[in-house]
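Observations on the model geometry
Next come the chains, spelled out residue by residue.
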Amino acid sequence: MDISRATSLPGPEVRHDLEGLPGLEELRVALRPPGLPLPSPRDVAEAARRANDLLHAERYRDARRLVDAFRARPAPSADRLALLHAALRGSLRIADPEQVERDVGDLVALLARDGHRELASALVMVLHERGALPGGSSAGARGAGAGRGRRRGRPLDPSAELLAVVRGLDDRGDVDPRRLVTGLRAALAALPAVRDQLPVDPGTALRLGLAQALELQGDRAGAITEALDVLERIEQEEIEHGGTLPDPRRIATAAHAVLARALGVDHPLQGARHALDALAALHEVDDPPLRIGLISHLLRALMAAGATTQASFTAGRLASLQRTLQRDALRTAPLLAIAAQRVQAERFEAAWVPLEQARKIAREQRDHRSALEASRLAASIHERTGDHARALHELRGLAAEARWLADDLATARDDRAELVGTELNAQALVMRRALDLGRTELVEEAGEAIEHRARPEGGRPLLPAELLWDHRVDARVARFIAIGEALRRGEEGVTTAAYERRRRAAMQIIDEVPTGHDDRARYWAAYVDDRHAHMLADRGTLPPALRAARRARAGWEHLERPGDVARTDVLIAQLEQD
């Protein structure tokens, strides 16, 4: 009889209608790396785009060399502005104060020359706010001075709306996603009031940033809505104005990437298509982190759709491509995706190679999320191969990683709820396997952890009350079963009184059933009575055993479980005969 409804490990494959998924030839084209070396940029606009690609790929020195090569070339103001923005992004990433000051000075001078002095002042103020410019820096003073009627060199005071927009466009990757979302929404709200003061309309770029921030925050529905809006705006701009947005293709690629990640599990066919659309735009882009990240999400979408052949082909290409990543921290996600595909295909020995590589990197990087996924996959392999002792070890590791992440203050509330569920389910599986292996002490440990996490007085609940109650009952029933088995084996220090206390504790929590869950409580009560009857019968305590068996039979009959009724009838007949 199964004491738990836990579902922490990967379940059986769910197949979808495969119509619309790519064939192998389309996958070959999509997964083909760019032709290297890429042709040299022909003008400042192409250099700006290439520099941004290099920055995303974390090739900061290459980006700087490219910017410096094109910095003095003649070009329209919009193209030069894009190049100088790329230069500033790079110098901020490597935190080079001298280079930051030089890039800010050039950018501010260009803005001022084109009549955007207030925007130049706003840029300088925002950089001061984030500590990127020293307090006495004069980087912005050369070009951000007032216009007519003001003393030369004195900065303008930018409006609150302009500051909100510039803050929204500020490229910061170390900010809490919730703050990013708030800032980007404020920027979009302020944009209509200052749009005429800006050299280019940043509305689409801000919406893309909002989609990415919502995804980081765990709001997949919001991220999908904003990313779809970005694609619609790009298409509408192309129809109405012939495409005047700066770098629309790369913005569209980033929006497709958001959709590939957000849709990949619940809507795998759509997620796979968006991943392919994004990959199609990368044949002239040398950005391994973006490319390999997209292929990883494509692989997960193909797995979720049950497209076995396509997933196997994609995993093989990904295994080769992930070696091109310069930072080990970026390799854990593709390695885990490859391992998951091999587990799904029941190639367990092959799965261990990428799984252990990912686990090693996660340990070195203190990456608890990747460590959690590695433990989940490892436990699944051991469960499927019947190695319950090792599965128990991995399940304990899975529960520990989920607990660490759930208690981390940096974890978003929605993520915390999911992690608490993962911890509780993993502990339930720990109890099940510990019972199978006779590890009474581990049943006690896991049961205590469940009761601590699911206690009603433990703060604002993250999961429904009835689910927390069910986990608490599960924990107490498991501890009751464990002490009963220990008593049956005659373990030292285990007494009948301790067994009876465990039984009463289980019945007490069952009686605390939430409204509307009476049948679940009847199931648990019948189960405890059933186990109690067998325990008493084995110990020769026949009259109490007979009473417990009759209570269990009444419970099974009420729940309309004829198999349990018939089984209990056999026990009752034997007890009456004895």
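Structure: above.
Nothing here was measured: the structure is a model prediction, and the numbers come from that model. (Residues numbered from 1 in each chain as written. Predicted model: local features only at pLDDT ≥ 70, side-chain atom pairs only at ≥ 80, totals over all residues. Heavy atoms only, no water.)

Considerations on the packing of aromatic side chains
Given two aromatic rings, one states the distance between the centres and the angle between the planes to describe the pair. What counts here: In summary, the pairing rule links any two rings of Phe, Tyr or Trp, Trp by its six-membered ring, whose centres are within 6.5 Å, and it sorts them by plane angle into stacked for under 30 degrees, edge-to-face for over 60 and tilted for everything else. A run of H or I in DSSP counts as a helix once it spans at least four residues, and a run of E counts as a strand once it spans at least two, with each numbered from the N terminus. Buried, partly exposed and exposed residues are distinguished by accessible area as a fraction of the type maximum, computed with a 1.4 Å probe on protein chains only: under 20%, between the cut-offs, and over 50%, respectively. The rule is short: NZ of Lys or CZ of Arg within 6 Å of the ring centre and within 35 degrees of the ring normal puts a charge over the ring.
Per the counting criterion, the structure on display carries five aromatic pairs. An angle of 85° between the planes, with centres 6.5 Å apart, marks the rings of tryptophan 524 and tyrosine 527 as edge-to-face. Taken together, the positions of tryptophan 524 and tyrosine 527, both in helix 23 (residues 518–538) and three residues apart, correspond to about one turn of that helix. Of the residues examined, tryptophan 524 reaches a relative accessible area of 1% and is grouped as buried. Residue classification places tyrosine 527 among the buried residues on the basis of a relative accessible area of 1%. An aromatic cluster of at least three residues, connected via ring pairs, comprises Tyr523, Trp524, Tyr527 and Trp556. The ring of phenylalanine 70 has arginine 73 sitting right over it, with the charged end atom 4.0 Å from the ring centre.

Let's talk about the nonpolar core
We apply this condition: Nonpolar cores are built from buried Ala, Val, Leu, Ile, Met, Phe, Trp, Tyr and Cys residues. Side-chain atoms within 4.5 Å join them into one set.
Core analysis: the largest hydrophobic core is formed by 52 residues, its most contacted members being Leu88, Val104, Leu123, Leu127 and Leu198. Elements with a contribution of two residues or more to this core: helix 4 (77–93), helix 5 (97–113), helix 6 (117–129), helix 7 (160–169), helix 8 (177–194), helix 9 (203–217), helix 10 (220–241) and helix 11 (248–263). In this structure, Ala301, Ala340, Trp352 and Ala378 belong to the second largest nonpolar core, which totals 47 residues.

Some thoughts on the packing of helix 18 (residues 388–407) against helix 20 (residues 440–454)
Here is the rule we go by: To get an axis, fit a line to the C-alpha atoms, keeping to the stretch in contact for a helix; angles then go from 0 to 180 degrees between the N-to-C directions. Angular relationships are summarised with four words: roughly parallel below 35 degrees, roughly antiparallel beyond 145, roughly perpendicular across 65 to 115, and oblique for the angles in between. Definitions for this section: a left-handed crossing has its near helix turned counterclockwise from the far helix by less than a right angle. A right-handed crossing has that turn clockwise. Residue contacts follow a heavy-atom distance rule, with two residues in contact if any of their heavy atoms lie within 4.5 Å.
At a minimum axis separation of 13 Å, helix 18 and helix 20 run at an interaxial angle of 20°. Comparing their axes, helix 20 and helix 18 come out roughly parallel. Once helix 18 is placed against helix 20, the crossing between them reads as left-handed. Counting all contacts with helix 18, which are made through Leu392, Arg396, Arg403, Ala406 and Asp407, the residues of helix 20 involved are Leu442, Glu445 and Arg453.

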